[in-house]
Structures are given as C-alpha cells and as structure tokens.
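# Chain and residue survey
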Amino acid sequence: MTQERIKRPEKYDVVFHNDDFTTMEFVVKVLRQVFFLPEKDAFDLMLKVHHSGKATVGSYILDIARSKAHTATRMARAEGFPLKVTIEEQSIPL
C-alpha cells in the first residue's frame, strides 16, 4: 500500500496599505465585515496599517485571499475610497 502525502495549500497574506483619504472608521468597518474581526482587534489593526504604512490583515488560501481582497476593494470604491489591498505569498510556509 502506497501512502500519499497531502500537501497543505499555500497561504497568501491580504495586505492593507495606508493612504491619506480612506478613513480609519471605514477601515475598521471592512475589517469587521469582511475579515470578521472583533471591534478592538479591527481598531488595533487599523492603527498598525496607519502607523506602519501597511499590515497583513489575514492569511488564507489563494481563492479566499482573492475573494476577501476583491470584496474589500469593491466596498472601498463604492464609498469613494482609494484603499489599496494586495495579496502576497507567504515567504515562510506554516
């Protein structure tokens, strides 16, 4: 009997980038609605994006990362915000 190893799917980081126009309140809203973060965690992560210039807001398999990034971007554009959301392959597999 041959034993097959199932490879874990690679993970991708969804990254928010700071800008001078997207409001902090809107970023918290997206983090809560799209990434399902509790209020305090969403607020703390928004501050990290604001102070660091960018921050990883979640790590997912590629399809989910793309979906969440697309949803966040669509919400931002609908509100007139230029929020930049990117997807980056994790350099260290977990």
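Scroll up for the structure.
Residues numbered from 1 in each chain as written. Predicted model: local features only at pLDDT ≥ 70, side-chain atom pairs only at ≥ 80, totals over all residues. Heavy atoms only, no water.

Another aspect to go through is unusual backbone geometry. Of note in the backbone geometry, Phe36 takes a positive phi value of approximately 55 degrees without being a glycine. Mapping Phe36 onto the fold places it in the loop between α1 (24–33) and α2 (39–52). On the basis of relative accessibility, which here comes to 64%, the residue Phe36 falls in the exposed class. (Helix = DSSP H or I, 4+ residues; strand = E, 2+ residues; numbered from the N terminus. Buried < 20%, exposed > 50% of the residue type's maximum accessible area, 1.4 Å probe, protein only.)

Our focus in this paragraph is the packing of α1 against α2. Taken N-terminus to C-terminus, the directions of α1 and α2 make an angle of 130 degrees; their axes are 9 Å apart at the nearest point. The angle between α1 and α2 places the two elements in the oblique class. Judged by the sense of rotation from one axis to the other, the crossing of α1 with α2 is right-handed. Judged by residue contacts, Met24, Val27, Val28, Leu31 and Arg32 of α1 engage Glu39, Ala42, Phe43, Leu45, Met46 and His50 from α2. Class assignment for the residues of the contact of α1 with α2 results in eight nonpolar, one polar and two charged. (Axes fitted to C-alpha atoms, helices over the stretch in contact; angles between N-to-C directions. Parallel < 35°, antiparallel > 145°, perpendicular 65-115°, else oblique. Left-handed = near helix turned anticlockwise from the far one by under 90°. Contact = heavy atoms within 4.5 Å. Nonpolar A, V, L, I, M, F, W, Y, C, P; charged D, E, K, R; others polar.)

This brings us to the environment of Gly58. As for its position among the elements, Gly58 is in strand β2 (residues 54–61). On the accessibility criterion, Gly58 (12% relative accessible area) is buried.

Let's shift gears to the pattern of salt bridges. Tallied over the full model, the rule gives four salt bridges. One salt bridge in this structure joins Glu10 and Lys7, with 4.0 Å as the shortest N-O distance. Lys54 is the salt-bridge partner of Glu88, the closest N and O atoms lying 3.6 Å from each other. On the criterion of sequence distance, the pair formed by Glu88 in strand β3 (residues 84–89) and Lys54 in strand β2 is long-range, its members being 34 residues apart. Glu88 gets classed as partly exposed once you look at its relative accessible area, which sits at 30%. The exposure class of Lys54 is partly exposed, given its relative accessible area of 41%. (Salt bridge = Lys/Arg side-chain N within 4 Å of Asp/Glu carboxyl O.)

Our focus in this paragraph is the side chain of His17. Topologically, His17 is positioned in strand β1 (residues 11–17). Among the polar contacts made by the side chain of His17, one reaches the side chain of Thr86 at a distance of 2.8 Å. In contact with His17, other than residues within four places in its own chain, are Val49, Gly53, Lys54, Leu83, Lys84 and Thr86. (Polar contact = N/O pair within 3.5 Å; in protein donor to acceptor, adjacent residues only side chain to side chain.)

Two numbers describe how α1 lies on helix α3 (residues 62–78): the axes approach to 11 Å, and their chain directions differ by 145 degrees. The crossing of α1 and α3 is right-handed. Between α1 and α3, the contacting residues are Phe26, Lys29, Val30 and Gln33 on the first element and Ala72, Met75 and Ala76 on the second.

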